[in-house]
Every structure is written in structure tokens, then in C-alpha cells.
Amino acid sequence: MNPQLNQDGSLRHLLTLDGLPRAILTQILDTAESFMDVGEREVKKVPLLRGKSIFNLFFEPSTRTRTTFEIAAKRLSADVVNLNISTSSQTKGEAILDTVDNLAAMHADMFIVRHSQSGAAHFIARNVAPHISVINAGDGRHAHPTQGLLDMFTIRRFKGDFHNLTVAIVGDVLHSRVARSQIHALTTLGVPEVRVIAPKTLLPTGVEQMGVKVYHDMTAGLAGCDVVIMLRLQNERMKGALLPSAQEYFKFFGLTPEKLAYAKPDAIVMHPGPMNRGVEIDSEVADGPQSVILPQVTYGIAVRMAVMALLAGGSAT
Amino acid sequence: MHASLPDANTLIAQLAAAIAPSLTPETVIVGIHTGGVWVAERLHALLKCATPLGTLDISFYRDDFSRIGLHPQVKPSTLPVDLEGRDILLIDDVLHSGRTVRAAMNELFDYGRPATIRLAVLVDRGDHELPIRPDFAGLTLTVPNHQNINLSRLDDGHLTLSLA
């Protein structure tokens, strides 16, 4: 049984996109679509989550993700509390649950959890009271489901649907929870060809078993692509010598206008941020006409509103 | 009881005739999804209203969200003009508890401050739970609580009222 779903199949927590049925993904994307116009109105708020308390539990630093979750919760009229908890003061397991129990005693309705350890959000979800929902905002190398969903929302907005697309994910797949969430979502939504392009040292073993084609060369990998998703080179996670240098990486795998020309002329370029300009992406591409990197950020708010609304609502019928 | 209900199109025509004298250049017709939009589309055409039609999905404003959750198919609300100082003519198919209309008014005020809001419904079936009454009603009748009045639209666009 999927711990993310209620017995009736509705969403209980959002921990990973792995194993979520297409109907749920589509429901989230459709709901996000109807939240899009809220951000453009005179009053950028709907009363849906009035009286609910949402706690942003960030055990690992983040600016964009935490801010967009906060804005999303506030546009739903929830009360938001931000907690930046330094992992150094935590002694894992027990201490995390103590934190969570204390917040539950303050009548929390939802936890949004970012943690450097894979499985942290699952661990919290297994231990909360039945009325509390947990959203994984990134755990270790494992998953970042709302980022994956907002990327799917972006693709659908610019490309219409998923059925004839070739999508390439480029860069540090090994350390990327974003890449894992994207691959699960793309294959679930029926994208016929998902490629990963990376040096061998930045690919997890057995990545082919996730249903992707592997390339080690940008020219071949980008040929005919509709969507190019660049990943951040995870410098802070780079322990040991996986790469000769950032310059060398840029030469072979950095997205420049010349390399982008191998993709379809109307291909879109995405990046989950924050970007390392001149490492994985050239500024001319990042700021160019094919870039949809800033719309991704805007759409992230609507997608996170949709997830929170679906989690917080009752299901009496 | 009311084995056969009057023809919906006749009721809409009567409603249009009743509304016509009070139409102003500032009037904006706004239909509530889904049935209310169908009626609003007809009224908008019959009244030759110059302002584009508005539509409202009140799912994000419902008072039973924490019990039953989000409606599975939320449609976007589209209000094509600034509502500030406008005369809103709010349209729904059936007025029952009044909760939908309350939610719709709350949503309208998040788009701006209209000068007036008036309510026109195809059927007022009574059993109101809030102090909300229609300014125009095509039909007023009393229906036992366990019965539903439904407006449905056929593929050819024909509207039909039924009691179930």
C-alpha cells in the first residue's frame, strides 16, 4: 500500500512521484491551472485554507523552494510558520520526531519538510497524527516531488501535452533528487522518450532501469529534443574527484547556443535553479528566447497551492 | 408533484424580458459554473449585452471544503473586465441553500468592489439557509428536500430542467 494515498485513492501526503498514478498527477496539474489566475487578481488570495497552520520545516537551506511554499500557503489563506533548523544541532531520528511532536502539539495541520537525508519526509509522515499531511520539499538525493510537478506543468503549458515529446535531462543526475522526480513524472505521464545526458561519473548505476536512454555526448543527446532540462552541478555535494574542473565540464556539457542548436528550433530550456552560470548553462541560453526558467518559478506557486489544497481538503464523499 | 417542469428556454426568455428594463451600460453578466454559465450565455445573447460574459467557479470559496475537499474539476474563473464600480448581474441555475451565492459574492469582491450585485436564477426552489433572495427568478416552486432539480445541456446546446 502506497503510504501517500488514503484508502479511497486520494492524496494523503506528497513524498515522491514514484508510484503515483497518472490520474493523481493530472489532477494536480489541472488544479494548478485553475490557481494560475489567483496570482493576477486584485486580491491574490482564496479562503480555502483559512485557519490551517502550515509549518515549513527546513533542515537544509533553501530560498526559492521555501519562499514559493510560503507564498502558496499564504495565497490559500493559511497561517505559515517558517523554521530553519540547522542539522548540526540535530542528532537525527529521535530529535526530529521531538521537533515534530512539539509542533503537532501547537496544532499543526501540515508539514513541509526539506532535509539533507533521503527518507526524512517519509519518516515524519509515518509518525504524524492522522489529520496532519506531509509534503516532501526535497530529501537528500531521493525526491523533490513539487519541483518535478512544476516542471511537468511548465512542459504542458508550453508543449500542450506529453505524448509526442523527446525530453533530455542534462547534468548531475547522480546527486539530483530533482532528476529522479522528473523521470518518474515524465514516464508516468506518457512521454515516449526520456534521455539523460551526463558524464559516466555523474550517473547512478542502473539509471537505464528507470526507463531512460543514456547519452554521454551533447550532440547526439540533444538531437531532436523538444525539452532540455539542465540540472545544477551540485558542487556542495561533490565529494571526491568526479570531474576534472568546472571549466572542463562546461566545455563538454554546458548548454551553449551552439549545443542548443542540435535540439528542435522550438525546444524549451528549463532549470530548477539556482543556476551556475558558465558551469552548466551559458548566460546567453539562460536569458535567451528559449528559456522558460522564470516561468517555472511562477508556476511553482500555483502547483504548490494545488498540492496543499488537495491535501488539506476533506474527503467525506 | 411537479412531474413535468416548464421548458428551460421559455423560462430564460421570460427572465430576459424581466431583466431588460434594469440593464445599464455598467452591467456585467456573471454566470456560476456549470449550469449558471449555460443560463448566463443565453441571457447575455438575448439581452445583447455589450460587456463580455464573466464566469465564476466557486470551488475555492466553498464552506464545505474541510468536509468534502476540492471539487474534482475546478474550472478557471474568468472576469474579463474590472469589476470596480460595476453593476453585477449574477446568474445561477437553481437557488437552494444560498451557500453557492454567498461563495460567489465573496469571490467577486476579491476581484474588485462592484457598485451593485443582483441575483437572477432560473429556479428558486426555496429552503434557503441564508438571507439570500433572488432579484429575478424564472420559476419559484417548493420541492421536497430529498429531490434535486437539475439543469442539463444536450450536445446540440438544448437546456432541460428535470426533477430527480
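Structure: see above.
To keep things clear, this report deals only with the structure shown in the data block. A quick note: this is a predicted structure, and the numbers were derived from the prediction, not measured. (Residues numbered from 1 in each chain as written. Chains lettered and ligands numbered in written order. Predicted model: local features only at pLDDT ≥ 70, side-chain atom pairs only at ≥ 80, totals over all residues.)

1. A short note on the nonpolar core
All names here are of chain A.
Line of reasoning, step 1. Counting 143 residues, the largest nonpolar core has F111, V170, V228 and M308 as the members making the most contacts within it.
Line of reasoning, step 2. Per-element accounting of this core gives the leading share, 12 residues, to helix 11 (residues 293–312).
Line of reasoning, step 3. Taken domain by domain, this core gets at least three of its residues from each of domain 1 (22–144 + 298–312) and domain 2 (146–292).
Line of reasoning, step 4. Beyond its immediate stretch of four places on either side in the chain, M308 contacts L49, A72, A73, L76 and M110. (Core = buried A, V, L, I, M, F, W, Y, C linked by C-beta atoms within 7 Å. Buried ≥ 20, exposed ≤ 12 C-beta atoms within 10 Å, placed from the backbone. Helix = DSSP H or I, 4+ residues; strand = E, 2+ residues; numbered from the N terminus. Domains from an automatic or database assignment. Contact = placed C-beta atoms within 7 Å.)

2. Remarks on the environment of D139 of chain A
Line of reasoning, step 1. Within the secondary structure, D139 of chain A is located in strand 4 (residues 133–139).
Line of reasoning, step 2. Among all residues touching D139 of chain A, those that are not within four sequence positions of it are H115, Q117, S118, G119, A120, A121 and R177 of chain A.

3. Section: the sheet that holds strand 9 (residues 268–270) of chain A
Residue and element names in this part refer to chain A.
Line of reasoning, step 1. On the basis of which strands lie adjacent, the open sheet formed by five strands has the order 7-6-5-8-9 and parallel pairing. Looking at which strands have only one partner, the edges of the open sheet turn out to be strand 7 (213–215) and strand 9. Looking at each pair of strands side by side, their axes are set apart by 20° on average, direction ignored.
Line of reasoning, step 2. As paired strands, strand 5 (residues 166–170) and strand 8 (residues 227–230) are joined by four bridges and run parallel to one another. Within the sheet, the bridge partner assigned to V170 lies in strand 8 and is M230.
Line of reasoning, step 3. In the packing of helix 6 (residues 177–188) onto the sheet, the strands contacted are strand 5, strand 6 (193–197) and strand 8, and the crossing angle to strand 5 comes to about 170°. (Pairing = 2+ DSSP bridges. Axes fitted to C-alpha atoms, helices over the stretch in contact; angles between N-to-C directions.)

4. Quick word on the packing of helix 1 (residues 22–35) of chain A against helix 5 (residues 145–159) of chain A
All names here are of chain A.
Line of reasoning, step 1. Packing of helix 1 against helix 5 leaves a shortest axis separation of 10 Å and a crossing angle of 65°. If you check the angle between helix 1 and helix 5, you find them roughly perpendicular. Crossing handedness for the pair helix 1 and helix 5: right-handed. In contact with L25, I28, L29 and A32 of helix 1, helix 5 contributes L149, M152, F153 and R156. (Parallel < 35°, antiparallel > 145°, perpendicular 65-115°, else oblique. Left-handed = near helix turned anticlockwise from the far one by under 90°.)

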